[in-house]
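# Working through the structure, step by step
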Amino acid sequence: MDGLSTLTATEAVGAIHRGELGSEELLDAHVARVDAHDGELNLIVARDVDRARSAAREADAAVRRGDALGPLHGLPMTIKDSFETAGLVTTSGAERLREHIPTRDADNVAALREAGAIVFAKTNLPLYAGDFQTANALHGVSNNPWDPSRTVGGSSGGAAAAIAAGMTLLEQGSDIGGSIRCPAHYCGVFGHKPTWGALSDVGHIPETRDLGVMGPLGRSAADLDLAMTALTAHGVGGNPAAALPPASPAARTVRGLRVGLWAQDEAAPTSRACTEAVVRVGEALAAAGAQVVDDARTATSLGEQHLLYATLLNATMAAGFPERVIEAARHRVAAGEIADPVELARSRGLCLSHLDWGAAHEDRLRLIAEWEALFDRVDVVVAPIAPTSAFPHDVERSFDDRYLDVDGAQVPYWSHIVWAGLATLPLLPATAVPAGTHDGLPVGVQLVGRRWADRTTIAVAGLVETLLGGFVAPPGY
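Report on the accompanying structure. Nothing here was measured: the structure is a model prediction, and the numbers come from that model.

### As for the overall build of the protein chain
Looking only at helices and strands, one finds 15 helices and 15 strands in the protein chain. For the C-alpha atoms alone, the extent of the protein chain along its principal axes is close to 65 × 55 × 45 Å. Approximately 17,800 Å² of the protein chain is accessible, and the part contributed by carbon and sulfur atoms is 52%. Treating the 38 positive side-chain charges of the protein chain as one cloud and the 58 negative ones as another, the clouds have centres 2 Å apart.

Following this line, the structure appears as structure tokens:
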């Protein structure tokens, strides 16, 4: 059964459709993987195996009957625990939601089920999806299958690691500060942050409103494309008549593909391993016939973009992460550091008037225009995802006391979100793709594209996958 754990979702669905592989057989194989490895990794926080097995048996019967089959027919998969799942506990890592059993699916979960997917478990995340590591008081710390002493990333960390470890074939994550892309990078898998607004966020805990998006993770670019087909079956951006444009011809063939590189920036201290991954992808695409432009950038610097991103992100987090803000404020009040919880929120930019938000949004619209001008010259921009590869667990200290080691230099923990904001702030699609390993850990890059060009960034990820080898299972998995 272990051989089934390295299939891509696309390969598995094809085998099910052809009657070469049973959905129940595939489900049993993945449940066995969870039983064998989750004791060490701690990725799975809830199971729904009995209902999943019943659904898998019906899926196999439908194949035998010759019924019409959906694009994900019979595919067992897990779901990040921030998405509500009907009849299955959904906690978002919060103690107060320990017994929260939704009566309906989140919109994206419903779309995946309608396409034929079978949800058999939920994966771990930080409290309310609010950290760059996956740990919470309710379910504990998740460990990276490449090195259990290191993080799986956050917030879709359990999701990415479960794919890497062969525990699931496909996942649904969310991303506001790199929460799909960083875990994909740390665990050596694929992930896609869609264009903002493309997919519904109804049923996600917490609500994300501005900046946040929902998107898939898998073992191949084709898996991401397959998932996006299922997730957009009833429209895009709330418009039932809309569809994502197809990938550009150049993105499918390399011929005529224009690639910009943004490998390093003074605003974002980045390890040599992550910078070299961008260069490696550029060299591979150039050797295959793409036109590669070094130092492709917008007029607004990354440092300026980051300040604007932080302003809008903090405003969103104040609305979407009230419990975290309240807990932090109470701690500071108890320590005598502040007299008023509102003081803390203001000091961290978490209180923003509508007038101030409008001014920041106006600056964002100008930046979006700059990106549009850049995409008149290139089809995708290749950039790092995070400052380093997967780093050792650091969950005991507060955010402000944590640091990252970037080639021997300490940088603030919040440096995580500088590269993440590159695509998040201007509402662009970005696809994370594995780009090799360094010192035994995977390293990925993000491919940023024009708004609504999701199929193009995923297709270019497929080219990189072909050129550099794509997903590699962690040693021992």
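### Side note on the pairing of strand β14 (residues 430-438)
Across 3 bridges, strand β7 (residues 190-193) lies against β14 in antiparallel orientation. Bridging across to β14, Lys 193 finds its partner in Ala 430. As judged from the 7 bridges shared by β14 and strand β15 (residues 441-449), these two strands associate in the antiparallel manner. For Pro 434, the partnering residue across the bridge sits in β15 and is Gly 444. Turn length for the β14-β15 hairpin, with the two strands adjacent in sequence and antiparallel, is 2 residues, and the turn residue Asp 439 shows positive phi of about 50°.

### Brief notes about the packing of helix α1 (residues 9-17) against helix α7 (residues 221-231)
At a closest axis distance of 7 Å, the pairing of α1 and α7 adopts a crossing angle of 65°. Judged on the interaxial angle alone, α7 and α1 are roughly perpendicular. The segment α1 lies against α7, with Ala 9, Thr 10 and Val 13 engaging Ala 222, Asp 223 and Leu 226. Residue composition of the contact of α1 with α7, by class: 4 nonpolar, 1 polar and 1 charged.

### Concerning the pattern of salt bridges
On inspection of all chains with the given rule, the structure shows 27 salt bridges. A salt bridge links Asp 376 to Arg 450; the nearest nitrogen and oxygen atoms lie 3.4 Å apart. Residue Asp 376 is located in the loop between α13 (354-374) and β11 (380-384), and its partner Arg 450 is located in the loop between β15 and α15 (454-468); the two are separated by 74 residues in the primary sequence. Taken together, the salt bridges that share partners define one network made up of Glu 24, Asp 28, Arg 53 and Arg 57.

### Describing the environment of Leu 447
Along the chain, Leu 447 falls in strand β15. Taking the C-alpha atoms as reference points, Leu 447 and Thr 168, 279 residues apart in sequence, are found 24 Å from one another. Setting aside its immediate chain neighbours within four residues, Leu 447 contacts Val 381, Val 382, Pro 429, Ala 430, Thr 431, Val 433, Thr 457, Val 460 and Ala 461.

### Some remarks on helix α2 (residues 23-41)
Given 3.6 residues per helical turn, the α-helix brings residues three or four places apart onto the same face. Taking 1.5 Å as the rise per residue, α2 with 19 residues should run 27 Å; its terminal C-alpha atoms sit 25 Å apart, in good agreement. Of all the bends in α2, the greatest, near 35°, is centred on Asp 35. Within α2 the residues assigned to the buried category are Ser 23, Leu 26, Leu 27, Ala 29, His 30, Val 31, Arg 33, Val 34, His 37, Asp 38 and Leu 41. Looking at the packing, one finds that the buried side of α2 touches α1, β1 (44-47), α3 (49-65), β2 (76-80), β3 (118-123) and β5 (140-141).

Definitions and limits used
- Throughout, residues of each chain are indexed from 1 in the direction in which the sequence is written.
- Totals for whole chains, interfaces and linings use all residues, but because this is a predicted model, local features are given only for residues with pLDDT of at least 70 and pairs of side-chain atoms are given and counted only at 80 or more.
- The basis for every side-chain value is the complete set of heavy atoms in the structure, and neither hydrogens nor water enter the calculation.
- Helix and strand labels come from DSSP, where a helix needs a run of H or I of at least four residues and a strand needs a run of E of at least two; each type is numbered from the N terminus.
- Throughout, the Shrake-Rupley method with a 1.4 Å probe supplies accessible areas, and for residues the shown protein chains are the sole cover considered.
- Positive charges are assigned to Lys and Arg, negative charges to Asp and Glu, while His and the chain termini are left out of the count.
- Charged side chains are reduced to one point each, which is NZ for Lys, CZ for Arg, CG for Asp and CD for Glu.
- Between any two strands, pairing holds if DSSP finds at least two bridges.
- Angles run from 0 to 180 degrees between N-to-C directions of axes, and those axes are lines fitted to C-alpha atoms, restricted for helices to the stretch in contact.
- For classification purposes, angles smaller than 35 degrees are called roughly parallel, those larger than 145 roughly antiparallel, those between 65 and 115 roughly perpendicular, and all remaining angles oblique.
- In what follows, residue pairs with any heavy atoms lying within 4.5 Å of each other are defined as contacts.
- Polarity classes work like this: nonpolar for Ala, Val, Leu, Ile, Met, Phe, Trp, Tyr, Cys and Pro, charged for Asp, Glu, Lys and Arg, and polar for all others, with Gly in that last group.
- What counts as a salt bridge is simple: a side-chain nitrogen of Lys or Arg found within 4 Å of a carboxyl oxygen of Asp or Glu.
- By this rule the span expected of a helix is its residue count minus one, scaled by 1.5 Å.
- Bend is the name given here to the angle between axes fitted to two runs of seven residues, the run ending at a residue and the run starting at it.
- Here the term buried applies to any residue with accessible area under 20% of the maximum for its type, exposed to any over 50%, and partly exposed to those in between, with areas from a 1.4 Å probe on protein chains only.

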